[in-house]
Amino acid sequence: MNRRMIALLGGVAAMAGTLAFAGTAEAASSTPCGAAAKACVQRSSNTAWLTDGAGHVTYGGVPITVGLAKYPTPLGTFHVQYKDIDHYSKQFNGPMPYSVFFTNTGVAFHQGSLKVKSHGCVHLSHAAAVTFYNSLHPGDVVQVVP
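Calculation rules
Residues numbered from 1 in each chain as written. Predicted model: local features only at pLDDT ≥ 70, side-chain atom pairs only at ≥ 80, totals over all residues. Heavy atoms only, no water. Helix = DSSP H or I, 4+ residues; strand = E, 2+ residues; numbered from the N terminus. Contact = heavy atoms within 4.5 Å. 1 Å grid on protein atoms, 1.4 Å probe; cavity = no way out; pocket = protein on both sides within 12 Å on 5 of 7 lines; lining within 4 Å. Points joined across faces, edges and corners; volume = space filled by probe spheres on them. Nonpolar A, V, L, I, M, F, W, Y, C, P; charged D, E, K, R; others polar. Polar contact = N/O pair within 3.5 Å; in protein donor to acceptor, adjacent residues only side chain to side chain. Core = buried A, V, L, I, M, F, W, Y, C linked by side-chain atoms within 4.5 Å. Buried < 20%, exposed > 50% of the residue type's maximum accessible area, 1.4 Å probe, protein only.

Asker: Before we go on, may I ask you to explain the side chain of T103 in this structure?
Answerer: Its place among the elements puts T103 in the loop between β6 (94-101) and β7 (108-111). Contact partners of T103, with chain neighbours within four places excluded, come to P74, F78 and Q81.

Asker: When you look at the layout of surface pockets in this model, what are you seeing that I'm missing?
Answerer: Once rolled over the atoms, a probe with the size of a water molecule shows which space is left empty. By volume, the largest pocket amounts to about 490 Å³. S89, F92, M96, H119 and C121 are the residues nearest the centre of the largest pocket, which is lined by 24 residues in total. If you list the elements that add at least two residues to the lining of the largest pocket, you get β5 (82-89), β6 and β7. Broken down by element, the lining of the largest pocket gets its largest block of residues, four residues, from β6. Here the lining of the largest pocket is built from residues that sort into ten nonpolar, 13 polar and one charged.

Asker: Before we go on, may I ask you to explain the environment of T31 in this structure?
Answerer: Take T31: it is sitting in the loop between α1 (2-27) and β1 (39-42). For T31 and G61, which are 30 residues apart along the polypeptide, the C-alpha to C-alpha distance reads 8.4 Å. Setting aside anything within four residues of it in sequence, one finds T31 in contact with C40, W49, T51 and V57. Here C33 takes part through its backbone nitrogen, which lies 3.1 Å from a polar atom of the side chain of T31.

Asker: Just checking my understanding: could you explain the nonpolar core for this structure?
Answerer: Burial of nonpolar side chains together is a common tendency in soluble globular proteins. One finds V41, I64, F102, F109, L124, F132 and L136 to be the most contacted residues of the largest nonpolar core, which totals 22 residues. Residue assignment for this core shows that the elements contributing at least two residues are β1, β2 (47-51), β8 (122-124), α2 (126-135) and β9 (141-145). Those residues in contact with L136 that lie beyond four places of it in its chain are K38, A39, L50, V80, K83, V100 and F109. Counting residues in hydrophobic clusters, the runner-up holds seven residues, among them C33, W49, V57 and V145.

In structure tokens, the structure reads:
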């Protein structure tokens, strides 16, 4: 009887894992951005994704923080300008590790607090900042939606 119970529970656990995986994969298969965006930011949900540039999610959604009301992260479609792994902001006197700049006004993805809003940049956890830094390249499309 013990073996039957273990087999039954193992089967239920496998089915639950399969269903959970399928639901996760389905939920993560799209973003609110256009298919060409290699990075997508949704300000209202504080979420960002990386895609293959054809609309398929490759990473995320991950939690982010965006700009304060008086320094909002700009909406629109942009292109990665340049990257700086050890950037330091002289304007705001602070480090911006793993920076990926995507506007000509200094807005970037970078490692930062997920509890404190920025001066327009997109804050990511350390792991997410490293992934965004390694995945995005100059010219890649970044889209920021409400």
